Amino acid sequence: MTSKIERMTVTTVALPVTTVRNHGIGSVGGEILNVLVKLETADGLAGWGEASPWPAFTGTAEGTAGALDVHLSPLVVGRPASHVSRIMTDAEAALVGHPEAKAALEMALYDLMGLELGVSVSDLLGGRHRDELPLSVSIANPNFDEDLELAERITNDGVRMFKIKTGVAGHDFDIMRLEKLKKLYPDVDIRVDYNQGLTPLEALKFVPDIDTFEPGFIEQPVRAPNWEVMKTIRAAIRSPLVADESVFTPFDALRAAKEGIADAFSIKIMKSGGMRKGQEIASIGAANGMPGYGGDMFETGLAHLAGVHMCASTPNISLGCEFYQATYYLETDLLAEPFPVANGKITVPTTPGLGIAMDEDKVRHFTVGQKT
Ligand code: MG
């Protein structure tokens, strides 16, 4: 039994990013709003969680902060972190949706429980299956010359996976970037992600062209509910088709596997509502021969670490991960030490909890709202 949680603090931070990035259904730039959860016990330990909502995809920072402060906080205060499974079941019953808020809460509970028990979160999630995760970095800048500089920088750092964000500035732009990057980096595994950016008719016309470049996979060409079109595209191409926005929950994954809309899942804790639900999706995929890819949102190193522990402890999340924002996109991360990337791979922390402490001075510096 671990100690009772005495206090939950919900903090909204505004974090500056380095460039604009285009993603099928919308663009991101300037500042992003993320929501942090801090759970404290009487003995002075603190567990941290982070939500990274995107209004065009999962939800808003305002909704996330309200969900945590008003609806989820009463389920947590006075209970021990080791009740995480019961607390998350209660959270599911008390509040529909809001997966980012639930992910942040679950992350903070696991971080705290790991600190109290002296074990890492990946050990709590089943034990490490991998010690390192290959990192993919996204090519999403409307200014392709800047992305060519990024590609040079990341390949020099050892990164061997790119994901080109397509379907934003026209098919010719997508073909041009694919041709150029394939030629410059023949040993890089280049994947493509449309983020729902095409209409069904565009997708039927354009995606087979992209398929001829033999990308590692093609992700979510059409809007989330266009399941029939996903099936038609899948039948028309040889490259694996990945479902991202079409699959948030284990229920979605089960239906997607039954209906054959994709070959693999992008698994994100901000969609599933936490690491355990992400593992459930991976298990459904495993039973159907569908591997998972470690996806993310515009997260700091904190939420990245939760994704890292989930991927490390889940054999079927085998297609690498994209936890690159803390290193290559945010102006500053909120962790006290650099996010652990070297030679294109993330080293899974082995120290208790999520494994790296928060820099609380930085958190205060970027705070725009707080509730306790
Ligand atoms: Mg995606």
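So, how was this worked out
Residues numbered from 1 in each chain as written. Predicted model: local features only at pLDDT ≥ 70, side-chain atom pairs only at ≥ 80, totals over all residues. Pairing = 2+ DSSP bridges. Helix = DSSP H or I, 4+ residues; strand = E, 2+ residues; numbered from the N terminus. Buried ≥ 20, exposed ≤ 12 C-beta atoms within 10 Å, placed from the backbone. Right-handed = clockwise from strand over helix to strand, strands pointing away. Domains from an automatic or database assignment. Contact = placed C-beta atoms within 7 Å. Core = buried A, V, L, I, M, F, W, Y, C linked by C-beta atoms within 7 Å. Axes fitted to C-alpha atoms, helices over the stretch in contact; angles between N-to-C directions. Left-handed = near helix turned anticlockwise from the far one by under 90°. Expected span 1.5 Å × (residues − 1). Arc of directions from axis to C-beta.

Caption draft 1: Structural detail: the sheet that holds strand 15 (residues 345-347). With antiparallel pairing, 3 strands are arranged side by side in an open sheet as 6-15-14. Every other strand in the sheet has two partners, leaving strand 6 (132-134) and strand 14 (341-342) as the edge strands with one partner each. Here strand 14 runs beside strand 15; their pairing, made up of 2 bridges, is antiparallel. Looking at strand 15, one finds that V341 is bridged to I346.

Caption draft 2: Representation of the pairing of strand 12 (residues 264-267) in the model. Burial of strand 12 is two-sided: the residues A264 and S266 facing one way and the residues F265 and I267 facing the other way are all buried. Of the strand pairs in this sheet, strand 11 (residues 241-243) and strand 12 are connected by 2 bridges, and their pairing is parallel. Within the sheet, the bridge partner assigned to V242 lies in strand 12 and is A264. After leaving strand 11, the chain enters helix 9 (residues 250-259) and then returns to the sheet as strand 12, a path that is right-handed.

Caption draft 3: Representation of the domain arrangement of the protein. The assigned domain composition of the protein is domain 1 (5-118 + 358-371) and domain 2 (124-347). Using C-alpha coordinates to define each centre, domain 1 is positioned 23 Å away from domain 2. Counting residues at the interface gives 34 residues for domain 1, matched by 37 residues for domain 2. Among the secondary structure elements, those contributing two or more residues to the side of domain 1 that touches domain 2 are strand 1 (5-16), strand 2 (21-23), strand 4 (31-41), strand 5 (46-51), helix 3 (99-117) and helix 14 (360-366). Considering every element that reaches the side of domain 1 that touches domain 2, the biggest residue donor is helix 3, with 9 residues.

Caption draft 4: Up close: the nonpolar core. The biggest cluster of nonpolar side chains holds 116 residues, and the ones touching the most others in it are V37, L68, A104, L105, L109, L135 and F265. At 11 residues, the largest contribution of residues to this core is made by helix 3. Two domains each provide a minimum of three residues to this core, namely domain 1 (5-118 + 358-371) and domain 2 (124-347). Sequence-distant contacts of L68, defined by excluding residues within four places in its chain, comprise V10, V35, V37, S73, A101, A104 and L105.

Caption draft 5: Here's a closer look at the sheet that holds strand 7 (residues 137-139). An order of 7-8-9-10-11-12-13 is seen for the 7 strands of this open sheet, with the pairing classed as parallel. On the outer flanks of this sheet lie strand 7 and strand 13 (292-294), each paired with one strand and no other. Note that strand 8 (residues 161-165) and strand 9 (residues 189-193) share 5 bridges and pair parallel. Note on strand 9: the bridge partner recorded for K163 is R191.

Caption draft 6: Representation of unusual backbone geometry within the structure. Although it is not a glycine, N195 adopts a positive phi angle of roughly 45°. Within the element layout of this structure, N195 appears in the loop between strand 9 and helix 7 (200-211). Judged by C-beta crowding, with 22 C-beta atoms within 10 Å, N195 ranks as buried. Unusually for a residue other than glycine, N343 sits at a positive phi of about 55°. Summarising the element assignment, N343 is placed in the loop between strand 14 and strand 15. A count of 12 C-beta atoms within 10 Å places N343 in the exposed class.

Caption draft 7: Expanded view of the packing of helix 11 (residues 275-287) against helix 12 (residues 301-312). Close contact between helix 11 and helix 12 brings their axes to 10 Å; oriented N to C, the two are set at 35°. Here the hand of the crossing between helix 11 and helix 12 comes out right-handed. For the pair helix 11 and helix 12, the contacting residues are M275, G278 and Q279 in the first and A306, H309 and M310 in the second.

Caption draft 8: Inspection of helix 5 (residues 144-156) at higher detail. Between its first and last C-alpha, helix 5 extends 18 Å over 13 residues, near the 18 Å set by a 1.5 Å rise per residue. Considered for burial, the residues of helix 5 that qualify are D147, L150, A151 and I154. The buried residues of helix 5 all sit within an arc of 105° when viewed along its axis, so they share a single face. Among the exposed residues of helix 5, those pointing more than 90 degrees away from its buried face are D145, E149, E152, R153 and N156.

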